[in-house]
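Examination of the molecular architecture
The chain contents come next:
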Amino acid sequence: MKLDIEFVRKQFNQLHDNPEFVFCSNAGGSYVANQVNTLMNHYNSHTRVQPYERYAPSSQAGEAMDRAIEGWAEALNISANELTIGPSTSMNTYVMAQAIGVDLGATDEIIVTNQDHEANSGVWRRKAAEKGAEICEWKVNLESGLLDLEQLDCLVNQNTKWVFFAHCSNIVGTSNPVSEITRRVKQNSNAKVFVDAVAQAPHHICDLKELGVDGYAFSLYKVYGPHQSLLYVNREIVSGLTPQCHYFNTGCDSKLFNPAGPQHAQVASCAGVLDYFDALHQHHFKDTPRAPQRMAPQRMTQLHSLISAYETELTAPILDFLGNDDKVRLIGKNHTRDNDRVPTIAFQPLKQSALAVSTKIQDMGIGCESGHFYAHRLLTDLGIDADDGVVRISLVHYNSTEEVEKILMALDHAINH
Ligand SMILES: Cc1ncc(COP(=O)(O)O)c(C=O)c1O
């Protein structure tokens, strides 16, 4: 069975707004599924009152928010009280850095990478420095941009308190083996593991208990949803963290890591992403008994097999083109055969600036961008001028093969002419 791309594209009004325009800057933020806009409109038109009070529109507002929280908890295979919905992943990691501070002292070590977006780096480094803890950097291979597991083994020891890394880099586009990394960390220490999944989640929503991580975050505005971020904190580690909420809310696990309180309409509309996945699942797996609006991990896995096969098809010709053009340096793997390459493809032009190349591509009606994409440390360590950065083509499963044809023509024109 193949992904029905026509059906997929019908779920995104913005794709039909300007059909000639090719959007391939999805890693910066995706289009929003129609199901999300429906819920947002409904909330704002019918239940825009303080939720969880005792009058009718208010309880409906609370129910709409609970539906999103419970739905996402089920999809991620976690408990609802292990989930915080915050305004952004940067904000969620900032809050978490305050929460873990209590756990850090002068004899402790944390491990961060130079592969991450700054949202999963600077906050931990600053907190560790404030507490006098040692900051150990797990460095990428300077040729490939990939992280090497043996190097991690050398860094982890009994003093390691936390290990922070990305499920997938937003530049290298290769997924790190999260379960295996977590297993190794836990085998050699009592450290906890926190994963930034922002670049992974648009392509694959994971079963978090299966991954075995302690913390995990991703941004729904890159997963066809509203500008919100999902933060998972394993209930078993919560007692070692400092609550970041009002003191009278500390008895409520789901409020511990949200100092601001939730953004009501946005939270309610998070369920729209699951409605979208549900619609996709219904369309493709008609014979599966219907569980209305529930996206349990098994259904998500079925969907992902279709999505990743399709994304691999989209990615291959672009990797092939860039991997064989000596006027560019492709970052990350030049193939998809290991099944760990998401369609986020970054390259450094060797004969022109990234800005010049991305401008030429944009002039051909293609929405792509250049820059450091907040992975400043990675680009600098790879020997790339972070001020100019790399050109990034980032696709998701609503992009079409016709669009890839146009992207290839634009790349050839921008790089070779
Ligand atoms: C890999 C990665 N991590 C973290 C972030 C930060 O997410 P947010 O914009 O929700 O703070 C981004 C945003 O681009 C990202 O790409």
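The structure this text deals with has already been given above.
Overview of the structure. The shown structure was predicted, so the numbers you read here are calculated from the model rather than taken from an experiment. (Residues numbered from 1 in each chain as written. Predicted model: local features only at pLDDT ≥ 70, side-chain atom pairs only at ≥ 80, totals over all residues. Heavy atoms only, no water.)

Description of the packing of helix H11 (residues 271-284) against helix H12 (residues 297-323)
Running from N to C, H11 and H12 point in directions that differ by 75 degrees, and their axes come no closer than 10 Å. With respect to H12, the axis of H11 lies roughly perpendicular. Mapping the contact onto sequence places Leu274, Phe277, Asp278, Leu280, His281, Gln282 and His284 in H11 and Arg299, Met300, Gln302, Leu303, Leu306 and Ile307 in H12. Among the residues making up the contact of H11 with H12, the classes are represented as seven nonpolar, four polar and two charged. (Axes fitted to C-alpha atoms, helices over the stretch in contact; angles between N-to-C directions. Helix = DSSP H or I, 4+ residues; strand = E, 2+ residues; numbered from the N terminus. Parallel < 35°, antiparallel > 145°, perpendicular 65-115°, else oblique. Contact = heavy atoms within 4.5 Å. Nonpolar A, V, L, I, M, F, W, Y, C, P; charged D, E, K, R; others polar.)

Looking at the site of the ligand
With respect to spatial proximity, the complete set of residues near the ligand consists of Ser88, Thr89, Ser90, His117, Ala119, Asn170, Asp196, Val198, Ser219, Tyr221 and Lys222. Between the ligand and the protein, one listed contact pairs an oxygen atom with a side-chain N or O atom of Ser90 at 2.5 Å. The side chain of Lys222 places a nitrogen or oxygen atom 2.5 Å from an oxygen atom of the ligand. Protein contacts shield 90% of the accessible area of the ligand, which totals 390 Å² for the unbound molecule. Taken together, the residues that form the shell around the ligand break down as three nonpolar, six polar and two charged. (Near = heavy atom within 4 Å. Polar contact = N/O pair within 3.5 Å; in protein donor to acceptor, adjacent residues only side chain to side chain. Areas by Shrake-Rupley, 256 points an atom, 1.4 Å probe, with all protein chains shown as cover.)

Here we look at the sheet that holds strand E2 (residues 83-86)
A sheet is described by the order of its strands in space; here seven strands give the open sequence E2-E8-E7-E6-E5-E3-E4, paired in mixed fashion. The open sheet is flanked by E2 and strand E4 (134-138), the only strands paired with a single partner. Strand-to-strand twist of the sheet, defined as the mean angle between neighbouring strand axes without regard to direction, takes the value 15 degrees. Relative to strand E8 (residues 229-233), strand E7 (residues 215-219) runs antiparallel, the two being bridged by five bridges. Note on E8: the bridge partner recorded for Phe218 is Leu230. The sheet strands contacting helix H6 (residues 122-131) are strand E3 (109-113), E4, strand E5 (160-166) and strand E6 (192-196), and the helix crosses E3 at an angle near 155 degrees. Lying on the sheet, helix H8 (residues 178-188) is in contact with E4, E5 and E6; it crosses E6 at an angle near 160 degrees. (Pairing = 2+ DSSP bridges.)

Here's the deal with the environment of Gly367
Mapped onto the elements, Gly367 comes out in strand E11 (residues 366-367). For Gly367, a relative accessible area of 12% translates into the label buried. In this structure the C-alpha to C-alpha distance between Gly367 and Ser305, which are 62 residues apart in sequence, comes to 27 Å. Gly367 has contacts with Phe21, Val22, Phe23, Cys24 and Ser25, leaving out every residue within four places of it along the chain. (Buried < 20%, exposed > 50% of the residue type's maximum accessible area, 1.4 Å probe, protein only.)

Overview of empty space enclosed by the protein
Summed over the entire model, instances satisfying the criterion amount to one cavity of 30 Å³ or more. The volume enclosed by the largest cavity comes to roughly 40 Å³. Taken together, Asn81, Glu82, Thr84, Val233, Arg235, Val238, Asp253 and Phe257 form the lining of the largest cavity. (1 Å grid on protein atoms, 1.4 Å probe; cavity = no way out; pocket = protein on both sides within 12 Å on 5 of 7 lines; lining within 4 Å. Points joined across faces, edges and corners; volume = space filled by probe spheres on them.)

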